[in-house]
Amino acid sequence: MDEYTEKLRNLIQLSDRMTIFTGAGISTESGIPDFRSPNGIWSKLQPIQFQDFIDSAEMRAEAWRRKIIIDKDMQKALPNRGHRAVAHLVDSGKCQTVITQNIDGLHQDSGIPDQNVVELHGNGTYASCLQCSLRHELEPIFEAFNRDNTLPVCRHCGGIVKTATVSFGQAMPEEAMRLSERSTLSCDLFIVLGSSLVVFPAAAFPQIAKQNGAKLVIVNREATDQDRIADLVVHQEIGQVLGDATGVD
Ligand code: NAD
């Protein structure tokens, strides 16, 4: 165990009210590409703004085209060692809340109960109507789109159907923001795992935790703007560092 992992282990041992904040980086070891690594999705594609999705059928078609491609990785992905270590910390009672920017559902798949996971950017494993919120499953949408580019509309109200994720320019979910704020302000240790910390308002939570007196740890391959305020920064792979620090395989 190197000195960084040892320090992380000590901070975890001393904490009894920890909040864990995860980004796309925790899922790369499960085979899902992140957005901002050199080979990440945004190195190839521009994000589609929410208003453009609403205004333009061509943008909606492009969004579903991308979704079908991304889902090939997402649907076969399984939780990795990093997810299992986080699940262990929740199970042990040390960590009450996992705030995630991820939309892949892998924290829940690793056994963390729904009530301990706050999905800040929604969930990409299903779709919902933007007007009446009715849930729609992805498979029939993919089938119709692959057949003749049919765009999904709500069977209940005729509204536009979109994956249940939060796009750029779309309002943040109020309840998820409230729960994130509460756990950020009540924790004694805040651990960031695999986030470039450039997407706001999500990226404000580590700063808020630190200003409120919690210790701040950032585990991320690359440097982030918040490294300078953190108590511990580890530029290594999440699975190995957190796995070793928690004794989880
Ligand atoms: P990001 O792509 O901006 O940053 C990911 C960071 O993780 C990078 O800085 C990278 O260096 C680091 N990283 C990658 N693999 C790592 C590893 N194995 N160990 C340590 N560090 C690693 O991601 P973000 O900050 O989460 O913001 C992007 C947005 O992308 C989020 O809103 C999220 O909704 C969405 N997203 C989600 C998924 C997913 O659900 N798995 C995948 C891609 C993007």
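Residues numbered from 1 in each chain as written. Predicted model: local features only at pLDDT ≥ 70, side-chain atom pairs only at ≥ 80, totals over all residues. Heavy atoms only, no water.

(A) The site of the ligand, seen in detail. Near the ligand lie 27 residues; those nearest to it are R36, Q101, H121, S196 and E222. A distance of 2.4 Å separates an oxygen atom of the ligand from a polar side-chain atom of H121. One of the side-chain nitrogen or oxygen atoms of S196 is found 2.5 Å away from an oxygen atom of the ligand. Protein burial of the ligand: of its 850 Å² of free accessible surface, 97% is covered by the chains. Per-class residue counts for the shell around the ligand are 7 nonpolar, 13 polar and 7 charged. There are two domains that each give the shell around the ligand at least three residues, and those are domain 1 (1–32 + 79–121 + 172–249) and domain 2 (35–76 + 123–165). (Near = heavy atom within 4 Å. Polar contact = N/O pair within 3.5 Å; in protein donor to acceptor, adjacent residues only side chain to side chain. Areas by Shrake-Rupley, 256 points an atom, 1.4 Å probe, with all protein chains shown as cover. Nonpolar A, V, L, I, M, F, W, Y, C, P; charged D, E, K, R; others polar. Domains from an automatic or database assignment.)

(B) Here's a closer look at the side chain of H83. Here H83 lies in helix α4 (residues 81–91). The exposure class of H83 is buried, given its relative accessible area of 0%. Engagement of the side chain of H83 in a polar contact is seen with the side chain of S27, the distance being 3.4 Å. Contacts of H83, omitting those with residues within four sequence positions, involve I26, S27, S30, L106, H107 and S110. (Helix = DSSP H or I, 4+ residues; strand = E, 2+ residues; numbered from the N terminus. Buried < 20%, exposed > 50% of the residue type's maximum accessible area, 1.4 Å probe, protein only. Contact = heavy atoms within 4.5 Å.)

(C) Expanded view of the domain arrangement of the protein. Its domain assignment divides the protein into domain 1 (1–32 + 79–121 + 172–249) and domain 2 (35–76 + 123–165). Placing a centre on the C-alpha atoms of domain 1 and another on those of domain 2 gives a separation of 27 Å. Taken together, the contact between domain 1 and domain 2 spans 12 residues of the former and 11 residues of the latter. Counting the surface domain 1 buries against domain 2, the share from its top three residues, I32, I103 and E222, is 42%. (Buried area = accessible area lost by both parts, 1.4 Å probe.)

(D) Structural view of the pattern of salt bridges. One pass over the structure, following the stated rule, counts 13 salt bridges. Where K67 meets D71, a salt bridge forms, and the shortest distance between an N and an O atom there is 2.6 Å. Residue K67 and its partner D71 are both found in helix α3 (residues 57–76); the two are separated by 4 residues, about one turn of the helix. A relative accessible area of 9% means that K67 is categorised as buried. Residue D71 is classed as buried on the basis of its relative accessible area of 4%. (Salt bridge = Lys/Arg side-chain N within 4 Å of Asp/Glu carboxyl O.)

(E) Layout of the sheet that holds strand β9 (residues 232–234). Spatially, the 6 strands line up as an open sheet ordered β3-β2-β1-β7-β8-β9, and their pairing is parallel. Pairing within the sheet leaves two strands with one partner each, and these edge strands are β3 (117–119) and β9. Neighbour to neighbour, the strand axes of the sheet diverge by 15° on average, direction disregarded. (Pairing = 2+ DSSP bridges. Axes fitted to C-alpha atoms, helices over the stretch in contact; angles between N-to-C directions.)

(F) Spotlight on helix α1 (residues 3–14). For α1, which comprises 12 residues, the first-to-last C-alpha distance of 17 Å matches the rise-based estimate of 16 Å (1.5 Å per residue) to within 8%. All buried positions along α1 are accounted for by T5, L8, L11 and I12. Relative to the axis of α1, the buried residues are bounded by an arc of 120° and lie together on one face. Within α1, the exposed residues directed more than 90 degrees away from the buried face are E3, Q13 and L14. Buried positions along α1 lie against β1 (18–22), α4, β7 (189–193), β8 (215–219), β9 and α9 (238–246). In this structure D2 caps α1, since a side-chain oxygen of it lies 3.1 Å from the backbone nitrogen of Y4. (Expected span 1.5 Å × (residues − 1). Arc of directions from axis to C-beta.)

(G) Examining the sheet that holds strand β4 (residues 122–129) more closely. Strand order in the open sheet made by the 3 strands is β5-β4-β6, with antiparallel pairing throughout. The open sheet has two free edges, formed respectively by β5 (135–136) and β6 (161–165), since each of these has just one partner strand. Across 4 bridges, β4 lies against β6 in antiparallel orientation. The residue of β6 that forms the bridge with G122 is T165. Strands β4 and β6 of the sheet are contacted by α3, whose axis makes an angle of about 45° with β6. Contacts from helix α6 (residues 138–148) reach β4, β5 and β6 within the one sheet, and its direction differs from that of β4 by about 70°.

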